Amino acid sequence: MATGKLIVFVCIAVLFLVLSKTRLSSCQQFAIPFQQPSHCGSEKYFDISSLSCVQCGINQVRSVSGTSCVCQVRHRVVSSNGGAITCQKCPADSKPGVTQDGFDCIRCPGGLNTEGKCQCPPGRILVERNRNGMLLDEAICETCNGTEPSFAVPNLFGDRCVRCQETYINTTNSCECGQTNMPAGGLCFPQNNLPTTVVSVVNYAQLAISVQSVWFAENMQAVAAACLIYSNLTACQALGNMCVMNLNSLSSVNNDACGLFNTIHRSTAALGSAQMISFWRANLPWLYYGDQAGLASRVLFTESFPTSFSFKGAAQNTNIQFTAAVYNTKGNFLKWQNVKGGTLQLCPDTVIRLNAAYRFGTTYRQSCQIPLSKILTDFPEPIFYDIYMDFSSGNGQKSLWAVPVRNLNLQYNGQFVNQGDNLNNWYLTRRIFLVDTLSGRENTLASQPKVIRVATKITISIQLEPNTQKGVIKTPLMTVSYTDILVSDPDTQSVSVSFSVEYEMNQSEAQIQTDIALGVLGGMAVLYSLLKTASWKRQVGSPLIDLQTVLKFLLFYAGDLANVFFVVTVGTGLYWLIFFKAQQFVTVLLPLHVQEKRFVTYVGCAFTLKAVQFLHKIISQLSIDIFFIDWERPRGKVLKTAEGNGDIKSAPAPVSIWRTYFVANEWNELQTVRKINPVFQIFAVLFFLEVVGFSNLALMDPSSNLSRDPQSYQAPWNLILRYGVATSMWLVIGFLQIIFFTVFYERFVEDKIRQFVDLCSMSNISVLLFSNRCFGYYIHGRSVHGHADTNMEEMNLNLKREAENLCGQRGLLPNTDIQTFQVSITNKMRLQYDRIREPLSRRTGPSRLLDSSANPFEQSTKAYHTMNKFLGSFIDHAHREMDYIVKDKLLMERVLGMEFMEPMEKSLFYNDDSHSFSDVLYYGNEATLLIFDTLFFCIVDIGTQDFVLAAVLTYVQQKVFKLIRNATGRKNLASKTLVDERFLI
């Protein structure tokens, strides 16, 4: 029994082990060790099939590539089937050498090389087989016949005789150059006026290092001599390419690439010019626009490009055709190439977006980071481009217009002359390259370059002809900036490159017109501010010009000047928006980013000054004097227990204060009421900008479409257009809201300002408020029914009588309906007002001025009743020495917003049908608020170029200032009206 259990247990254990090994093997079969060819050593090769190192066979070693095996030195191949090989050692005594093909052994007459093969002395060729291919027992070293007529020399591989280079024959009538002649680059030249030595060192100024270029050392002298002596076109192009690789830099050195080129250019003056262009020497490439300073302005601005461009209509032409003559490093002409498709753009992208660079009027900007390893792979040697613009001549034949190049890295006698703004110092060139990985190679041409040069910034500038009406442009300018990069770790290094196309025009006339507008409107603002300051001086009752007067003038001027800047900037934005987007033939182009800075400065000034005006108005509103005059009189008497002796006496029935509290609450709610809905304003502006697509009008391209293909190129934003679109949207929607509010809402729904005046009349309470010391507003709320503190039945009866014209009118004067007035009081009246308020003012003053015996509550109550009685009697003409008259304002007084007459003996009440008391509320300053919100929205957008963020911050700003205005205004209302703040809810 036990034995059976043991057998079962052993079977289960064995089964478990088998299953475990099966699972383990099934898990491991997907993992292999990582090996590289460099890991295999000299006796193993890397099997590309199994991705592992495999042992080589007998007498075999790893090949140079590391992916196969070859026979050892002095071993021949016995068999080879394309994969495995068999090797056998050659007999050291009889045939120690291996044939060139590696399959046989042979006796060598001149010894063996390092590979165990035969070698011959210089000038001889190795012969291992006879004419019919039979292998010789001993190789033969044959001498090539270098005399006439054979002129033979060994070829590069040393296995046959070929005719020697023609320059040797022309110079010495043999294949020897001779001591009196100059051999260079495999050529032979007679004595000439070129330097006998050349500078093959390439200086990289940005890195402050120099490289001994193997390409320059091997080829420069040869191509220069071939170009000068034999007019070899390819050699001349190659020498020009070397000069371009030296960044066209000029100095007193005459044996570097550009020095040699200029020497040949001067020496071949007798050959004349190519294509009738004086700068283009026959047989030479066109590299420079002359060798004198001051030619740049003549090249760029003397002649116009003979083709017109238009954005719309039947003659629409927005296609810019650039064609490049392409050369390789050796000077061979490769092809004519249209630059579309990314020829000059190193950054990869879709063809549609790449070609958008050549749509006239579209500002193009492209930038990216490119791995250095990709650059080394894609550009083993530089390619050179001569850029032209296509156009059709008068007979319809296709012609080319040369595009000059401003190389920012060009040095003239050690100075970077092209980096300044002075055109007279510029040296314009013609030929460019994108990447140079050749001149920075030191040892061999196959080695990795020590330094490379990359055209990291290419800008094509197109300038519109001044005062053109048909889209004529000047000669375009290509600006190239190269960056020297020290190659250390290509796999981790990267290069930032950019390509852009910019359009510009002479903005001086527009700037002059803007300055004139600012000057004229600014002068008018000064005059208007002086008038407002004079009016303010009359309203505060002070004839002296003091520091406060100057400060007030500056505050008024800040607001008026803000309006000037706002009008000019909005006009400028709309001008560019309308004229650029709607033009057919191109007559205007957008300002450049640098030229936008002045406009942004104007917008910043407008916002800053408007913010000062806004804060000034807020502070002024929070410091007004206001009092509610209660006309209600006691109705009947009540019995009241006298304090002290407990006697019961009759006293006038108290007048309810709740009407005053109610009016004060309504006034408190009116403080931040506006003529527009700010939330709707923000959402509507965002809807039209982002959803409908009006923001696309701010792109720097000629398209006026509101919707864009997401696959197409999106031009950069223009700040002026963006400002013009944003302000127009904000102002249009704001004005539509104001019109709707004024014409429809206030007439058919509710008018809160007029309702407040009606409430005052029904509450039998008048409102007197002072925005300045001697100027303010009066709302006559005295009830025509005599009492307002009544029950519902009597109130409804009073309303019915008033509707049926069975009672008097509500106006201050008999038989009039005018209830609102502008008030200009005398100094005596103001002094009396302040005298009544003086005890309350001392409560908030220094503690030494307080009356410790006085009860604050009793003081407030007493001051309230005293003020109510005084102001009521003042309105009723009870004070002869402080009387007033009611009159209409003159037309000019209403237009200028000021008063010509100064109250001397009597105060002045001006009839005011427009309810201008709202000037101390948000309601009456809607224009200031709307402009401030617009500028705040735009200034945030200019800084972030994000309409959504600008909208959010504008909403937050509105909420913050509204909270501050409500909270502080409530405190001021409680302080000035003697209404407890707890009742203002």
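Residues numbered from 1 in each chain as written. Predicted model: local features only at pLDDT ≥ 70, side-chain atom pairs only at ≥ 80, totals over all residues. Heavy atoms only, no water.

(A) View of the overall build of the protein chain. Secondary structure summary: the protein chain contains 21 helices and 39 strands in total. Since a compact globule built from 985 residues should have a radius of gyration of about 30 Å, the 48 Å found for the protein chain marks it as more spread out than a globular shape. Along the first, second and third principal axes, the C-alpha set of the protein chain runs to 160 × 120 × 65 Å. Going through the 985 residues of the protein chain one by one, you find that 46% of them count as buried. Within the protein chain, contacts between residues at least 6 apart in sequence are counted, and of these 64% link residues at least 24 apart. Per element, the accessible surface of the protein chain, about 49,900 Å² overall, is 57% carbon and sulfur. (Helix = DSSP H or I, 4+ residues; strand = E, 2+ residues; numbered from the N terminus. Rg over C-alpha atoms; globule rule 2.2 N^0.38 Å. Buried < 20%, exposed > 50% of the residue type's maximum accessible area, 1.4 Å probe, protein only. Contact = heavy atoms within 4.5 Å. Areas by Shrake-Rupley, 256 points an atom, 1.4 Å probe, with all protein chains shown as cover.)

(B) Local environment of the state of the cysteines. All told, the structure shown has 12 disulfides when counted by the stated rule. Between the sulfur atoms of Cys347 and its disulfide partner Cys368 the distance amounts to 2.0 Å. Handedness of the Cys347-Cys368 disulfide follows from its S-S torsion of about -100°: it is left-handed. Taken together, the residues Cys347 in the loop between β21 (333-338) and α7 (351-355) and Cys368 in strand β22 (residues 364-371) connect sequence positions 21 residues apart. A residue is classified by how much of its surface remains accessible, and Cys347, at 4% relative accessible area, is buried. Cys368 gets classed as partly exposed once you look at its relative accessible area, which sits at 21%. (Disulfide = S-S within 2.5 Å.)

(C) Up close: the packing of aromatic side chains. Under the counting rule described, the total for this entry stands at 53 aromatic pairs. Considering the side-chain rings of Phe311 and Phe580, the 5.8 Å spacing of their centres and the 80° angle between planes classify their relative orientation as edge-to-face. Here the residue Phe311 occupies a position in the loop between β19 (304-308) and β20 (322-327), and Phe580 occupies one in helix α10 (residues 547-582), the gap between them amounting to 269 residues. Each of the two residues, Phe311 as well as Phe580, counts as buried. With a centroid separation of 6.4 Å and 40° between ring planes, the pair formed by Phe932 and Phe936 is classed as tilted. Here Phe932 pairs with Phe936, and both are found in helix α20 (residues 926-944), just four residues apart, close to one helical turn. On the accessibility criterion, Phe936 (16% relative accessible area) is buried. For the cation-ring pair, Arg430 lies above Trp286, with the distance from its terminal atom to the ring centre recorded as 4.9 Å. The lysine or arginine in question, Arg431, covers the ring of Tyr327, its NZ or CZ lying 4.3 Å from the ring centre. (Phe/Tyr/Trp six-rings, centres within 6.5 Å; stacked < 30°, edge-to-face > 60°. Lys NZ or Arg CZ within 6 Å of the ring centre and 35° of its normal.)

(D) Representation of helix α12 (residues 658-670) within the structure. Across its 13 residues, α12 extends 18 Å between first and last C-alpha, which sits within 8% of the 18 Å expected from 1.5 Å per residue. Turning to α12, its buried residues are Arg659, Thr660, Tyr661, Val663, Ala664, Asn665, Trp667, Asn668 and Leu670. (Expected span 1.5 Å × (residues − 1).)

(E) Seen up close, a nonpolar patch on the surface. The grouping of Val679, Phe683, Val948, Val952, Tyr955, Val956, Val960 and Ile964 at the surface amounts to a nonpolar patch, some 660 Å² of accessible area in total. Of all the secondary-structure elements, those providing two or more residues to the nonpolar patch are α13 (678-692) and α21 (947-977). Following the sequence through the fold, Val679 ends up in helix α13. A relative accessible area of 34% means that Val679 is categorised as partly exposed. (Patch = residues over 30% accessible without salt bridge, like charges linked within 9 Å, V, L, I, M, F, W, Y side chains within 5 Å. Salt bridge = Lys/Arg side-chain N within 4 Å of Asp/Glu carboxyl O.)

(F) View of the nonpolar core. Of all hydrophobic cores here, the largest spans 173 residues; its most connected members are Met478 and Phe937. When near neighbours in sequence (up to four residues on either side) are disregarded, Phe937 contacts Val685, Leu689, Ala726, Trp730, Phe947, Ala950, Ala951 and Thr954. Ile753, Leu769, Phe775 and Leu984 belong to the second largest nonpolar core, which has 29 residues in total. (Core = buried A, V, L, I, M, F, W, Y, C linked by side-chain atoms within 4.5 Å.)

(G) Here's a closer look at the UniProt feature "transmembrane region" (unreviewed entry) in the protein chain. Mapped onto this numbering, the UniProt entry gives "transmembrane region" (unreviewed entry) at residues 554-579, 679-700 and 720-745. End C-alpha to end C-alpha, residues 679-700 measures 30 Å, and it is 64% helix and 0% strand. Across residues 720-745, helical content stands at 100% and strand content at 0%; the span's end C-alpha atoms are separated by 35 Å. (UniProt positions renumbered as here; feature names shortened; annotations may be inferred.)

(H) Inspection of the packing of helix α3 (residues 214-230) against helix α5 (residues 257-267) at higher detail. One can describe the packing of α3 onto α5 by two numbers: an axis separation of 10 Å at closest approach and a directional angle of 10°. In terms of their interaxial angle, α3 and α5 are classed as roughly parallel. Packed against α3, whose contacting residues are Met220, Ala224, Cys227 and Leu228, the element α5 presents Ala257, Leu260, Ile264 and Ser267 at the interface. Of the residues belonging to the contact of α3 with α5, the class tally is seven nonpolar, one polar and no charged. (Axes fitted to C-alpha atoms, helices over the stretch in contact; angles between N-to-C directions. Parallel < 35°, antiparallel > 145°, perpendicular 65-115°, else oblique. Nonpolar A, V, L, I, M, F, W, Y, C, P; charged D, E, K, R; others polar.)

(I) Quick look at the pattern of salt bridges. The final tally for this structure, using the stated rule, is 26 salt bridges. Across the pair Asp933 and Arg674 runs a salt bridge whose closest N-O atoms are separated by 3.1 Å. Taken together, the positions of Asp933 in helix α20 and Arg674 in the loop between α12 and α13 put the pair 259 residues apart, joining distant regions of the chain. By relative accessible area, which is 11% here, Arg674 ends up buried. Arg830 is the salt-bridge partner of Asp834, the closest N and O atoms lying 3.1 Å from each other.

(J) Structural view of the environment of Val495. Along the chain, Val495 turns up in strand β31 (residues 494-504). C-alpha of Val495 to C-alpha of Pro371: the two residues are 124 residues apart in sequence and 6.3 Å apart in space. What Val495 contacts, discounting residues up to four positions off in sequence, is Cys368, Gln369, Ile370, Leu372, Ile375, Val454, Thr456 and Ile485.

(K) View of the sheet that holds strand β32 (residues 625-630). Reading across the sheet, the six strands line up as β32-β35-β36-β37-β39-β38 and stay open at both edges, with mixed pairing between neighbours. In this open sheet, the two strands that pair with only one neighbour each are β32 and β38 (884-887). Taken pair by pair, the neighbouring strands of this sheet meet at an average axis angle of 20°, ignoring direction. Across four bridges, the pairing between strand β37 (residues 820-824) and strand β39 (residues 907-911) is antiparallel. Bridge pairing in β39 places Ser824 opposite Leu908. Contacting β32 and β35 (765-772), α12 runs over the sheet at an angle of about 145° to β32. (Pairing = 2+ DSSP bridges.)

(L) Layout of the confidence of the model for the protein chain. Taken over all residues, the pLDDT of the protein chain has a mean of 88, while the share at 70 or more is 93%. Segment residues 18-28 is flagged for pLDDT under 50; beyond a separation of four residues in sequence, or across chains, it makes zero contacts in the model. (pLDDT = per-residue confidence, 0-100.)

(M) Expanded view of the side chain of Ser174. Structurally, Ser174 is set in the loop between α2 (166-172) and β13 (182-184). A distance of 3.0 Å separates the side chain of Ser174 from the side chain of Thr172, its partner in a polar contact. Within polar-contact distance, the side chain of Ser174 engages the backbone nitrogen of Glu176 at 3.2 Å. Ignoring any residue separated from it by four or fewer positions in sequence, one finds Ser174 in contact with Gly146, Phe151, Cys164, Tyr168 and Ile169. (Polar contact = N/O pair within 3.5 Å; in protein donor to acceptor, adjacent residues only side chain to side chain.)

(N) View of unusual backbone geometry. A cis amide bond, omega 10°, links Glu148 with the succeeding residue Pro149. Following the sequence through the fold, Pro149 ends up in the loop between β10 (135-143) and β11 (152-154). A positive phi angle, near 50°, is found at Phe151, a position not held by glycine. Turning to its location among the elements, Phe151 is positioned in the loop between β10 and β11. Residue Phe151 is classed as buried on the basis of its relative accessible area of 4%. Positive phi is not limited to glycine here, since His915 has a value of about 55°. Relative to the helices and strands, His915 is located in the loop between β39 and α20. You can call His915 buried: its relative accessible area is 11%.

(O) Representation of the pairing of strand β5 (residues 75-80) in the model. In the sheet, β5 pairs with strand β6 (residues 85-89) via five bridges, with the strands oriented antiparallel. Bridge pairing in β6 links Arg76 to Gln88. Taking the residues between adjacent antiparallel strands as the criterion, β5 and β6 are bridged by four residues, where Gly82 takes a positive phi near 90°.

(P) A look at the side chain of Asp436. Secondary-structure assignment places Asp436 in strand β27 (residues 435-436). No salt bridge is formed by the buried Asp436; its nearest oppositely charged neighbour, Arg453, is found at 5.1 Å. Not counting residues within four places of it along the chain, the set of residues in contact with Asp436 comprises Met245, Pro382, Ile452 and Arg453. (Lys, Arg positive; Asp, Glu negative; His and termini not counted.)

(Q) Structural detail: the environment of Glu504. If you trace the backbone, Glu504 turns up in strand β31. Residues Glu504 and Cys227, spaced 277 residues apart in sequence, show a C-alpha to C-alpha distance of 41 Å.

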